[in-house]
Amino acid sequence: SDAIPLSLPTDKEWLAPPVCLLREQLEVFAATQRDVDARKSGPKPTVGTVGLRCRHCAHLPEKPRGAVIYPKSLSQIYQAVRNFQRFHFFSCAEVPDDVKEKMRSFGPKKEQSK
């Protein structure tokens, strides 16, 4: 996979801990024909479209809801990360329990499983 982490070593200097943790769970990738063909809902990307995906379930042939996001612009990346948290993070069976617990430790407003 040619994916790269969304997180940066300097994130902690600029971003709140929950946002840093979420960014650590995502990777950036360019859609392949396989990604285009696998897209079941939402707009289909074209080959080369930049997307974000859960690094924990990226290997699964059938991706759970919210695991792959294709923001339409750079300004939509923040909302894409929030959507990942809201629709995928806590329901993903591949995200380790200790990572979910760390997110829960940030407070009740940080967990929205549906």
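Look up: the structure comes first, before these words.
This text gives an overview of the structure that appears in the document. (Residues numbered from 1 in each chain as written. Predicted model: local features only at pLDDT ≥ 70, side-chain atom pairs only at ≥ 80, totals over all residues. Heavy atoms only, no water.)

1. Some details on the side chain of Glu27
Here is step 1: Of note, Glu27 is situated in strand S2 (residues 26–30).
Here is step 2: Setting aside residues no more than four positions away along its own chain, Glu27 makes contact with Ala3, Ile4, Pro5, Leu6, Gly51, Leu52, Arg53, Arg55 and Ala58. (Helix = DSSP H or I, 4+ residues; strand = E, 2+ residues; numbered from the N terminus. Contact = heavy atoms within 4.5 Å.)

2. A word on the pairing of strand S3 (residues 50–54)
Here is step 1: Counting buried positions along S3 gives four out of five residues, so the element sits mostly inside the fold.
Here is step 2: Here S2 pairs with S3 via five bridges, running antiparallel. In the sheet register, Val28 faces S3, and the bridge partner there is Leu52.
Here is step 3: Pairing between S3 and strand S4 (residues 68–69): two bridges, direction antiparallel. Each bridged residue has a counterpart across the sheet, and for Arg53 the counterpart in S4 is Val68. (Buried < 20%, exposed > 50% of the residue type's maximum accessible area, 1.4 Å probe, protein only. Pairing = 2+ DSSP bridges.)

3. So, the sheet that holds S3
Here is step 1: The strand order S1-S2-S3-S4 describes an open sheet built from four strands, whose pairing is antiparallel. Unpaired on one side and paired on the other, strand S1 (4–5) and S4 mark the two borders of the sheet.
Here is step 2: Helix H4 (residues 77–89) rests against S2, S3 and S4 of the sheet, and its axis sits at about 30° to S3. (Axes fitted to C-alpha atoms, helices over the stretch in contact; angles between N-to-C directions.)

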